[in-house]
Amino acid sequence: MRLCLKKASLTCLSGLRRGNRGSGVPPTLNLCRESQLPTLRFHLTGTKYSCGSGGCGACTVMVSRYDPKTKKIHHYPVTACLVPICSLHGAAVTTVEGVGSIKTRIHPVQERLAKCHGTQCGFCSPGMVMSIYTLLRNHPEPTPEQITEALGGNLCRCTGYRPIVESGKTFCAESTVCQMKGSGKCCMDQEENISEVPFVFCFVEMCTKLYNEDEFQPFDPTQEPIFPPELIRMAEDPNKRRLTFRGKRTTWITPVNLNDLLELKTSFPEAPIIMGNTAVGPSIKFRDEFHPVFISPLGLQELYFVDSTDDGVTIGAGYSLAQLNDALHFIVSEQPKEKTKTYHALLKHLRTLAGAQIRNMATLGGHVVSRPNYSDLNPILAAGNATINLISKEGKRQIPLDGRFLEKSPEANLKSEETVLSVYIPHSTQWHFVSGLRIAQRQENAFAIVNAGMSVKFEDGTDTIKELQMFYGSVGPTVVSASKTCQQLIGRKWNDQMLSDACRLVLDEIYIPPDAEGGMVEYRRTLIISLLFKFYLKVRRGLNKMPAHEGALEDFPIETPQGIQMFQCVDPHQPPQDPVGHPVMHQSAIKHTTGEAVFVDDMPPISQELFLAVVTSTRAHAKIILIDTSAALALPGVVDVITAEDVPGDNSYQGEIFYAQNEVICVGQIVCTVAADTYAHAKEAAKKVRIVYEDLEPRIITIEQALEHNSFLSAEKKIEQGDVEQAFKYVDQIIEGKVHVEGQEHFYMETQTILAIPQEEDKEMVLHLGTQFQTHVQEYVAAALNIPRNRIACHTKRAGGAFGGKVSKPALLGAVSAVAAKKTGRPIRFILERGDDMLITAGRHPLLGKYKIGFMNNGVIKAADIEYYINGGCSPDESELVMEFMVLRSENAYYIPNFRCRGRPCKTNLPSNTAFRGFGFPQGIVVGEAYITAVASQCDLTPEQVKEINMYKRTSRTAHKQTFNPEPLRRCWKECLEKSSFSARKLAAEEFNKKNYWKKRGLAAVPMKFTVGMPTAFYNQAAALVHIYLDGSVLVSHSGCELGQGLHTKMIQVASRELNIPESYIHLSETNTTTVSNATFTAGSMGADINGKAVQNACQILKARLEPVIRKNPRGTWEVWISEAYKESISLSTTGYFKGYQTNMDWKKGEGNAFPYFVYGASCSEVEVDCLTGAHKLLRTDIFMDAAFSINPAVDIGQIEGAFVQGMGFYTIEELKYSPEGVLYSRGPDDYKIPTVTEIPEEFNVTLVHSQNPIAIYSSKGLGEAGMFLGSSVLFAIYDAMAAARRERGLTKTFTLSSPATPELIRMTCVDQFTDMVRLVRRAPC
Ligand SMILES: Cc1cc2nc3c(=O)[nH]c(=O)nc-3n(C[C@H](O)[C@H](O)[C@H](O)COP(=O)(O)OP(=O)(O)OC[C@H]3O[C@@H](n4cnc5c(N)ncnc54)[C@H](O)[C@@H]3O)c2cc1C
Ligand code: FES
Ligand code: FES
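Residues numbered from 1 in each chain as written. Chains lettered and ligands numbered in written order. Predicted model: local features only at pLDDT ≥ 70, side-chain atom pairs only at ≥ 80, totals over all residues. Heavy atoms only, no water.

Draft legend 1. Just the pairing of strand E31 (residues 792–796), in detail. Of all five residues in E31, five are buried, a share of seventy percent or more. Going residue by residue along E31, you find Ile792, Cys794 and Thr796 tucked away on one face and Ala793 and His795 tucked away on the opposite face as well. Sheet topology note: the strand E30 (residues 765–769)/E31 ladder contains four bridges and is parallel. Along E31, the bridge assignment pairs Leu767 with Cys794. The handedness of the E30 to E31 crossover, carried by helix H24 (residues 774–785), is right-handed. (Buried < 20%, exposed > 50% of the residue type's maximum accessible area, 1.4 Å probe, protein only. Helix = DSSP H or I, 4+ residues; strand = E, 2+ residues; numbered from the N terminus. Pairing = 2+ DSSP bridges. Right-handed = clockwise from strand over helix to strand, strands pointing away.)

Now the structure itself:
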């Protein structure tokens, strides 16, 4: 949709306030539901809402404005959730609907994203489309670097980004993809096995092209819609007037010129100036700030200029950070290098500050004035002696952008009536050095953990310090200046002694209290001096006192990822119509990219519907003394408050409590919900519910505390083989250790969303929701409402990602919503905010693993005794099952003759942890790899040698006595090491490490034996319902849910092969409990396996019924046969059924055929770590995954890559933070960092290895989860690099391994003089 905004007023928009999020708003702008400030939210289905804070890019749209000065049109991406609607007066807004639609014509960006397999769940896809589309509007032939940069602000939790980047690269001028079009093969494909040549040429009958470029429509940039001429006329109108939008509570004023702005600032001195709204917006949304008046001079010509003189440059306050970036690039291209040091420093940070959308919204003036403590630019501006040009009705004045300003000293502040007109940045000089330094959890789009701006001026021609300035961000409530330190160093020489004194002084001057917000105190103190050291080296290099190539100085470059995906070619004898084995595009891919794929939040409003907001417990363990709802009920629009009293059936079912009653057992437990006519009203009222608590003991938060209190959710699970105790007596060495693996947030892009609609008759209730387990929802709702399950219908069209997080939690949330719907008698729309979702639904279980290992000096492990404890949280959920899986899979790929593993889930006062991709395996197996690494260190072997020595080699029995043949495991492992040139690259890394003290490279390879399916046979069953209609079209239903994993796509492939008809004849609409009853969960990597068998069964039944008709008329068409069959009264509808794999597990004996089959794989990763900051860069990953026969290589590779990147995030940067009281701090993309496009391997190669699996449909294997654990190759590569650093520092002993390997952990493990100094210099607060 293209929206041309000529007239927008608060008055007219306030009418839409009711209709936020899924309401009856016409296809026009809408208001973000919780904001006091009206923001842009289109109620077209395309623009998605995921975080509401500008951090995920799901809501990206393109804004276009005409600049009357330059006569140019400026297109830029914005995150709609932070764009106030009034700020768009005179702008044209293009949403994904305006780019292309299935109803009219899809745009090449949408087509290529879909066909390159860049969508899975599709929730992020419209945002991706808009980011690439906007780039193309400005650069029709972008470079690969521009594509990567454009996508930096868009999160995707499913794909692993590689195919998204690849789709963007198809627009690049130099083709970055294979030129051998149309053949279905690439120039890399080889028919022969040529084993001597590099990796990519080594396979027989392997393909590398997952799509055919010949199918792409050409991209013609001249065909884009023109900018509305009316808006040009408006912009050039010489008689423009002040604009005022008046709402019920707030007024928005857009001044007509600078004088008008000054007038307004005098009249309303407290009114914020709204520019990008990236600082004001979040404070209104998340910190409840209120402003009766807003002044928005956005677009005011006087604030947009660049004025360059011989001494420096003045930049208008209205320039966005993206425009600032362009202006600085121009200046550095014009000026001699010595004058541009400050600009270079700013440019470096501008590349990684937030994502492209925020950089296009946020302004220089807004950034300088808002002075966030994490500011990336202010420390550099201060170090570069910038000044701020202010203006008010009183006149103009300049203030220095210095320490006092940044530390918010009242005398250095702006006066309330003043406006920033511009910022002046002087040129640097020959003896003046300026630098910006920063480290964040993630390279791009993450607030700095610590950043700094530093500058030094020397006496001409000497290294004697004349002036020194150091400013640090993220070390206190404001950016701070180390002014005393700098003062004391004036006159000193720039040498090691000065550095040493400087470090001591600055540590003494900048105090970070032990309880500082954000924690990481030792790390941040270490960074203060590590960054200073980097600056010291940079300056030495500038003074020609050091080689130019010193590696410690450079930040890791951001490269555009590339790689090769290899898979088996389809048998040339296979009929062309048969889609099985082909990389068929996701069934909904085009709809994902056009935004026409409907998620629950996109469903049109239902008459009388109410919105639900939750009130959650703020205490971990407490008695509820009082719930006072009177203030909430008195608010406008509020219909009811629902509590435990209102649950007609069971409020506590199978150990799960729907509404807290009498007592709360974790922070985040739902105490009550508020139903109101809008979400804004519901949320406002929820804040007014007053709950009085009385804390109870014990309050158990950690696993250690649970062990102390003997607090468990279930009994111990154990497997054992051999005689462990006896074996320990005869080994050469014994080691013992502990491993901590922290939890993980699912961070599906679509938060949990439920629409519960009570029906008029027979107590029926209909629920629309994204879930992996409809039966469970049905069961819980039935229990809560006390009605039979046949009255409850659950519908799932698709879920915007799930990863295990939508197995059990939707049942709880479904019950909560259904109770509200029942009580109010009205439809309930319940959409969890990102923060509430993270708080309430929890995620992967943290693990404490303990091991005792007995081994011989040659690396053979003889005995292992393993203990697992996971933090299950406050209720049973899936914790017992997770522990069973963890124990059963604990041996991974290794045969240890005497092996014992025991495990128990702990009960704590945290929200209940739940299923998560890999189901315990990704955590549990870290323990195994950790002791392998420790054994290797003790035996002077590499971890890979110890893995090889102990790996299963022939048909064997697992520790739980299940027979298997590890041949594919051996093949994956061998090929992984060989084809990735592991040994040669390991030597090269060692060479690199010898030459680089501050940067280290590490490599690691991990083998994997993973399981598919469930140890309980009845969980492996599935059903399908297939109807053939009289026109020959076929409707397939089955028991699996589409979560983005391509399940429906594969089912269509199966039905197409079985019925021998084209895929276009087959439709798959949704999953619901009325067509297929009692469905098991879609999880455990077995969705396609079991539902495929059920669909196959149904199709074969129908095919058999049609056989006589076909025999009678063999030359007939499908349509004719169907018609004839009908006339012969042959039923054209049937169910299909798969009884399930016959598995069993006897926990009393600790043995059984627990799993239908195993999936094998191996991966190898290489990283480089920056020992001074703890940052790491993933240079290359090679994955070899045993796919047996892949039904759809594009889907399977997508699952592997997506799982790998999710795993890599889990093992490196994703970090959940709780307070000691059990309060979750990390509740959104600002504080919880999942990988972005910059984190994925620079080179990413994936190969599907062929094997046999006759038990599964078409001899395929389930690959949904297996890639997750392979992400641990990054963790162990980081450990390899850290070990190299430690060895060089004389520390040869094994060190404790834990996950995730965050920048903090890496930095503090690579101990050196700086970490030592921090430990020595401990200072009390002044
Ligand atoms: C998702 C996200 C990620 C981010 N990541 C980073 C990051 O990595 N690093 C970083 O440094 N920052 C980051 N930021 C912060 C961002 O840089 C600032 O929010 C932004 O620069 C503020 O500019 P604005 O134009 O949006 O200000 P607004 O929100 O419009 O205004 C902010 C304040 O400045 C005042 N103001 C604005 N203009 C003027 C003027 N001309 N004269 C006087 N007062 C004025 C307003 O009154 C208001 O009080 C991020 C922000 C978001 C939302
Ligand atoms: S929803 Fe707007 S950026 Fe996430
Ligand atoms: S496809 Fe990107 S989040 Fe699901």
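Draft legend 2. Structural detail: the pattern of salt bridges. Counted under the stated rule, the structure contains 65 salt bridges. Here Lys718 ties to Glu720 by a salt bridge, and the two come within 3.3 Å at their closest N and O atoms. Here Lys718 falls in the partly exposed class, since its relative accessible area comes to 34%. Look at Glu720 and you get partly exposed, because its relative accessible area is 26%. In this structure, Asp1196 and Lys1050 form a salt bridge, with 2.7 Å as the shortest nitrogen-oxygen distance. Within this pair, whereas Asp1196 is found in helix H35 (residues 1193–1212), its partner Lys1050 is found in helix H32 (residues 1047–1059), the two being separated by 146 residues in sequence. For the pair shown, Asp1196 and Lys1050 are each scored as buried. The structure contains a network of salt bridges with shared partners spanning Lys718, Glu720, Glu725, Asp865, Arg900 and Arg902. (Salt bridge = Lys/Arg side-chain N within 4 Å of Asp/Glu carboxyl O.)

Draft legend 3. Region of the structure containing the packing of helix H10 (residues 321–334) against helix H11 (residues 341–352). Look at H10 against H11: their axes get within 10 Å of each other, and the N-to-C directions meet at 140°. Judged on the interaxial angle alone, H11 and H10 are oblique. The two elements H10 and H11 meet at a crossing, and its hand is left-handed. Packed against H10, whose contacting residues are Leu321, Leu324, Asn325, Leu328, His329, Ile331 and Val332, the element H11 presents Tyr343, His344, Leu346, Leu347 and Leu350 at the interface. Taken together, the residues of the contact of H10 with H11 sort by class into nine nonpolar, three polar and no charged. (Axes fitted to C-alpha atoms, helices over the stretch in contact; angles between N-to-C directions. Parallel < 35°, antiparallel > 145°, perpendicular 65-115°, else oblique. Left-handed = near helix turned anticlockwise from the far one by under 90°. Contact = heavy atoms within 4.5 Å. Nonpolar A, V, L, I, M, F, W, Y, C, P; charged D, E, K, R; others polar.)

Draft legend 4. Summary view of the site of ligand 1. Near ligand 1 you find 31 residues, and of these Ile273, Met275, Thr278, Thr363 and Val420 are the closest. Note that an oxygen atom of ligand 1 is positioned 2.6 Å from one of the side-chain N or O atoms of Thr278. Considered on its own, ligand 1 offers 980 Å² of accessible surface; in the complex 94% of this is hidden by protein. For the shell around ligand 1, the secondary-structure elements that each account for two or more residues are helix H13 (364–370) and strand E13 (419–426). For the shell around ligand 1, the element with the most residues is H13, which contributes five residues. Across the shell around ligand 1, the residue classes tally to 17 nonpolar, twelve polar and two charged. (Near = heavy atom within 4 Å. Polar contact = N/O pair within 3.5 Å; in protein donor to acceptor, adjacent residues only side chain to side chain. Areas by Shrake-Rupley, 256 points an atom, 1.4 Å probe, with all protein chains shown as cover.)

Draft legend 5. Geometry of the environment of Glu141. Looking at where Glu141 falls in the secondary structure, it is placed in the loop between helix H4 (125–138) and helix H5 (144–151). Glu141 gets classed as exposed once you look at its relative accessible area, which sits at 58%. Considered as a pair, Glu141 and His1027 are 886 residues apart in the sequence and their alpha carbons are 48 Å apart. The contacts of Glu141, once residues within four sequence positions are left out, are Phe171 and Ala173.

Draft legend 6. Spotlight on the nonpolar core. Among the nonpolar cores identified, the biggest contains 189 residues, and Ile853, Ile866 and Tyr931 are the most heavily contacted of them. When residues in this core are grouped by element, the largest group, eleven residues, is from helix H28 (residues 921–939). In contact with Ile866, other than residues within four places in its own chain, are Lys850, Tyr851, Ile853, Phe899, Arg900, Cys901, Arg902, Val927 and Tyr931. Core analysis: the second largest hydrophobic core is formed by 69 residues, Ile331, Val368, Leu390 and Leu406 among them. (Core = buried A, V, L, I, M, F, W, Y, C linked by side-chain atoms within 4.5 Å.)

Draft legend 7. Representation of the sheet that holds strand E12 (residues 395–400). In spatial order, the strands read E9-E10-E13-E11-E12; together these five strands make up an open sheet with antiparallel pairing. Two strands lie at the open edges of the sheet, namely strand E9 (306–308) and E12, each paired on one side alone. Strand-to-strand twist in this sheet, taken as the mean axis angle between neighbours without regard to direction, amounts to 20°. Sheet topology places strand E10 (residues 312–316) next to E13; five bridges connect them, and they run antiparallel. Its bridge partner lying in E13, Val313 is registered against Ile425. Contacts from helix H8 (residues 258–267) reach strand E11 (387–392) and E13, with the element oriented near 115° to E13.

Draft legend 8. Main features of H5. Within the span of H5, buried status applies to Pro144, Ile147, Thr148, Ala150 and Leu151. Looking straight down H5, one finds its buried side chains confined to an arc of 165°; they lie on one side. Buried residues along H5 sit in contact with H4, helix H6 (162–169), H11 and helix H12 (356–361). (Arc of directions from axis to C-beta.)

Draft legend 9. Just a negative patch on the surface, in detail. Taken together, the side chains of Glu760, Glu761, Asp762 and Glu764 make up a negatively charged region of the molecular surface. Position of Asp762 among the secondary structure elements: in the loop between strand E29 (753–758) and E30. For Asp762, a relative accessible area of 48% gives the class partly exposed. (Patch = residues over 30% accessible without salt bridge, like charges linked within 9 Å, V, L, I, M, F, W, Y side chains within 5 Å. Lys, Arg positive; Asp, Glu negative; His and termini not counted. Charge placed at Lys NZ, Arg CZ, Asp CG, Glu CD.)

Draft legend 10. Broad picture of the sheet that holds strand E8 (residues 293–295). Spatial ordering of the open sheet is given by E6-E7-E8, a layout of three strands whose pairing is mixed. Since the sheet does not close on itself, it has two edges, and those belong to strand E6 (243–246) and E8, each with one partner. Each strand of the sheet is rotated relative to its neighbour by a mean of 15°, with strand direction disregarded.

Draft legend 11. A look at the side chain of Glu1042. As for its position among the elements, Glu1042 is in the loop between strand E40 (1034–1038) and H32. Buried and unpaired, Glu1042 has no salt bridge, with Arg798 as the nearest side chain of opposite charge at 7.2 Å. Looking at Glu1042, its side chain comes within polar contact range of the side chain of His586, at 2.9 Å. A polar atom in the side chain of Glu1042 sits 3.0 Å from the backbone nitrogen of Gly1044. Not counting the four nearest positions on each side in its chain, Glu1042 is found in contact with His586, Lys797, Arg798, Ala799, Leu1047, His1048 and Thr1049.

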